[in-house]
Amino acid sequence: MFKNSSPNRRRFLYIALSGLAGATAIAVGKNIDPIYYSHTLDNSKRDFRVTGQDPLKKRAAAKGLIYGAACGQGILASDKNLKASIVRECGVLTPENELKWQFVRPRPDVFDFSRGDWMASFARAHNMLFQGHTLVWHQQLPEWFKEVVNRQNAEKFLVEHITTVTKHYAGQMHAWDVVNEAIKPKDGLKAGLRQSPWLKLLGPDYIELAYRVAAQADPKAMLVYNENDLEHNTPEHEAKRTAVLKLLERLKSRGTPLHALGIQSHLLGHGSLNPRKLRNFLSDVASLGLKILVTELDVIDQKLPSDSMVRDRMIAAMYEDYLSIVLDERAVIAVLTWGLSDKHTWLSMVTPRSDGSPVRPLPLDSNFKPKLVWNAIARAFDQAPKR
Ligand code: 9MR
């Protein structure tokens, strides 16, 4: 159809596929990948209807999937509406901050499991799985860490930490994000490793060590490697996909007890998706014998229009376009959003809008009413192949 058009011209020929494949906009042409730009077109005609009233966890379960959300203990304990919504919609719960070093280990010799335990028993009481986040990360380390941990004692601290925390929850954790965000090709280090305190203290083997220690302390939990910036069609994300795949290959070839990749999926509402590259990446990960979890899904709407109805459609389009690509891969077993209601989202602080209007990145609005994002997730689950 575009035989005589230049690649550049072709790049700008989009056809709306709202009624066809569900994607909002796609670039077509012979030699270029189809690209989804969920925000580019006026998608006022796109159909976001869903059938029935089933909550997200039920729609997910019908396909052999798990749906859930991250949440803070304080807000869960104090906000009745949030509590009711989490219980209604979620099959898995993960603590947003409570099990990070900063909170779980206030002093070198003190572990504080009070908030995590509260959440674990909440999950149990409401028939939800519980997912641990996270044992090894470069952020949210306690104040004392820099003063106390050095090259001589770092291994002892790491092993002691992972053993104590995973043993405490052994038998209660569905999965653990063991190592979080260890790759950052932009740092320019070998194998794309991130310049993290753990790398400086222990060298690259800290990653494998973390999985071996976790597996010993909790042999039943699914051990996840969790990573951000893997989803979009940018050179930066492509470099990260390549480096992460190499890391996973290396860990598996050494017999490391690693069971799954977590793709965080903090998506940019104004970003684009390359279905071919994303699918290939997921299928390469699956071919290593790994499961895949979408661990922190939300959509950053900072650069989207002010009108909340227009914006909601764009955000929902991104959700559905993304999930329809990702759920095609049968190794994907779970989808967790990073929060459930717009009332409580880390993005209010981190990516506020310049027009001052509240961000709208999650399935429920700030009054806990389902938005089009909820429909988009429901539709993606309803259309997903069964596991
Ligand atoms: O949502 C978390 C926020 O409350 C914390 O202040 C922040 C600290 O960096 O971490 C947020 O959660 C992060 C998660 O643990 C790892 N992936 C990125 C998430 C968003 O920053």
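Everything that follows concerns the structure shown earlier in this document.
Residues numbered from 1 in each chain as written. Predicted model: local features only at pLDDT ≥ 70, side-chain atom pairs only at ≥ 80, totals over all residues. Heavy atoms only, no water.

Student: Please provide a residue-by-residue account of the overall build of the protein, values included.
Tutor: A count of helical and extended segments in the protein gives 15 helices and 11 strands. On C-alpha atoms alone, the protein measures out to a radius of gyration of 21 Å, which is about the 21 Å that the 2.2 N^0.38 rule sets for 387 residues. In the protein, which comprises 387 residues, the share counted as buried stands at 56%. Considering only contacts within the protein whose residues lie at least 6 apart along the sequence, 75% involve residues at least 24 apart. When the accessible surface of the protein is totalled, it reaches about 16700 Å², and 51% of it is carbon and sulfur. Positive and negative charge centroids in the protein, built from 53 and 41 side chains respectively, lie 4 Å apart. (Helix = DSSP H or I, 4+ residues; strand = E, 2+ residues; numbered from the N terminus. Rg over C-alpha atoms; globule rule 2.2 N^0.38 Å. Buried < 20%, exposed > 50% of the residue type's maximum accessible area, 1.4 Å probe, protein only. Contact = heavy atoms within 4.5 Å. Areas by Shrake-Rupley, 256 points an atom, 1.4 Å probe, with all protein chains shown as cover. Lys, Arg positive; Asp, Glu negative; His and termini not counted. Charge placed at Lys NZ, Arg CZ, Asp CG, Glu CD.)

Student: Explain the site of the ligand residue by residue, including any values.
Tutor: Around the ligand, the structure places 14 residues, and the nearest of them are Glu-96, Lys-100, His-133, Gln-139 and Glu-296. Between the ligand and His-133, the relevant distance is 2.6 Å, taken from an oxygen atom to a side-chain nitrogen or oxygen of the residue. In the environment of the ligand, a nitrogen atom lies 2.7 Å from a nitrogen or oxygen atom belonging to the side chain of Glu-296. (Near = heavy atom within 4 Å. Polar contact = N/O pair within 3.5 Å; in protein donor to acceptor, adjacent residues only side chain to side chain.)

Student: Pulling in residues and values, what's your account of the packing of aromatic side chains?
Tutor: The way to describe two aromatic rings as a pair is by their centre distance and the angle between their planes. All told, the structure shown has 11 aromatic pairs when counted by the stated rule. With centroids separated by 5.7 Å and ring planes inclined at 85°, the aromatic side chains of Phe-113 and Tyr-169 adopt a geometry described as edge-to-face. Linking Phe-113 in the loop between helix 5 (101–104) and helix 6 (114–125) with Tyr-169 in the loop between helix 8 (154–168) and strand 6 (175–180), this pair joins segments that are 56 residues apart in sequence. Grouping aromatic residues by their ring pairs yields a cluster made of Trp-101, Trp-144, Phe-145, Phe-157 and Trp-198. Across from the ring centre of Phe-157, 4.4 Å away, lies the NZ or CZ of Lys-156, which sits over that ring. (Phe/Tyr/Trp six-rings, centres within 6.5 Å; stacked < 30°, edge-to-face > 60°. Lys NZ or Arg CZ within 6 Å of the ring centre and 35° of its normal.)

Student: Can you explain the packing of helix 12 (residues 275–286) against helix 13 (residues 308–326)? Please cite residues and give values.
Tutor: Remark: helix 12 packs on helix 13, axes separated minimally by 9 Å, with the N-to-C direction vectors making an angle of 40°. In terms of their interaxial angle, helix 12 and helix 13 are classed as oblique. Regarding helix 12 and helix 13, the two cross each other, and that crossing is right-handed. Counting all contacts with helix 12, which are made through Pro-275, Leu-278, Arg-279 and Leu-282, the residues of helix 13 involved are Tyr-322, Ser-324, Ile-325 and Val-326. Partitioned by chemical class, the residues of the contact of helix 12 with helix 13 number 6 nonpolar, 1 polar and 1 charged. (Axes fitted to C-alpha atoms, helices over the stretch in contact; angles between N-to-C directions. Parallel < 35°, antiparallel > 145°, perpendicular 65-115°, else oblique. Left-handed = near helix turned anticlockwise from the far one by under 90°. Nonpolar A, V, L, I, M, F, W, Y, C, P; charged D, E, K, R; others polar.)

Student: Residues and numbers for the environment of Arg-330, please.
Tutor: Position of Arg-330 among the secondary structure elements: in the loop between helix 13 and strand 11 (332–337). Along the chain, Arg-330 and Leu-230 lie 100 residues apart, while their C-alpha atoms are 18 Å from each other. Excluding residues within four positions of it along the chain, Arg-330 makes contact with Pro-385, Lys-386 and Arg-387. Polar contacts involving the side chain of Arg-330 include one to the main-chain carbonyl oxygen of Lys-386, which spans 3.1 Å.

Student: Could you give an account of the environment of Gly-64, naming the residues involved and the relevant values?
Tutor: Mapped onto the elements of the fold, Gly-64 is located in the loop between helix 2 (56–61) and strand 3 (66–71). Using a relative accessible area of 41% as the deciding quantity, one classes Gly-64 as partly exposed. Sequence separation between Gly-64 and Gln-216 is 152 residues; the distance between their C-alpha atoms is 28 Å. Excluding its chain neighbours within four sequence positions, the residues that come into contact with Gly-64 are Ile-333 and Arg-387.

Student: Quick rundown of the side chain of His-232? Include the residues and the values.
Tutor: Among the structural elements, His-232 can be located in the loop between strand 7 (222–227) and helix 11 (235–253). His-232 gets classed as buried once you look at its relative accessible area, which sits at 3%. Excluding its chain neighbours within four sequence positions, the residues that come into contact with His-232 are His-237, Arg-241, Leu-267, Leu-268, Gly-271, Ser-272, Leu-273 and Met-318.

Student: An account of the pattern of salt bridges is needed here, citing residue identities and associated values.
Tutor: Scanning all chains against the criterion turns up 22 salt bridges. For Glu-89, the salt bridge goes to Arg-88, with nearest N and O atoms at 3.0 Å. (Salt bridge = Lys/Arg side-chain N within 4 Å of Asp/Glu carboxyl O.)

Student: Residues and numbers for the side chain of Glu-227, please.
Tutor: By the element assignment, Glu-227 lies in strand 7. Among residues more than four places away in sequence, those in contact with Glu-227 are Glu-181, Ala-182, Ile-183, Lys-240, Val-244, Gly-262, Ile-263 and Gln-264.

Student: Break down helix 12 for me, with residues and values.
Tutor: What sets the pattern is the α-helix's 3.6 residues per turn: residues three or four places apart point alike. Between its first and last C-alpha, helix 12 extends 16 Å over 12 residues, near the 16 Å set by a 1.5 Å rise per residue. Residues Pro-275, Leu-278, Phe-281, Leu-282 and Val-285 constitute the buried set of helix 12. The arc that holds the buried residues of helix 12, viewed along the axis, is 135°, so those residues lie on one side. If you follow the buried residues of helix 12, they end up packed against helix 11, strand 8 (260–263), strand 10 (291–300) and helix 13. Backbone nitrogen of Arg-276 and a side-chain oxygen of the N-cap are separated by 3.1 Å at the start of helix 12; the cap is Asn-274. (Expected span 1.5 Å × (residues − 1). Arc of directions from axis to C-beta.)

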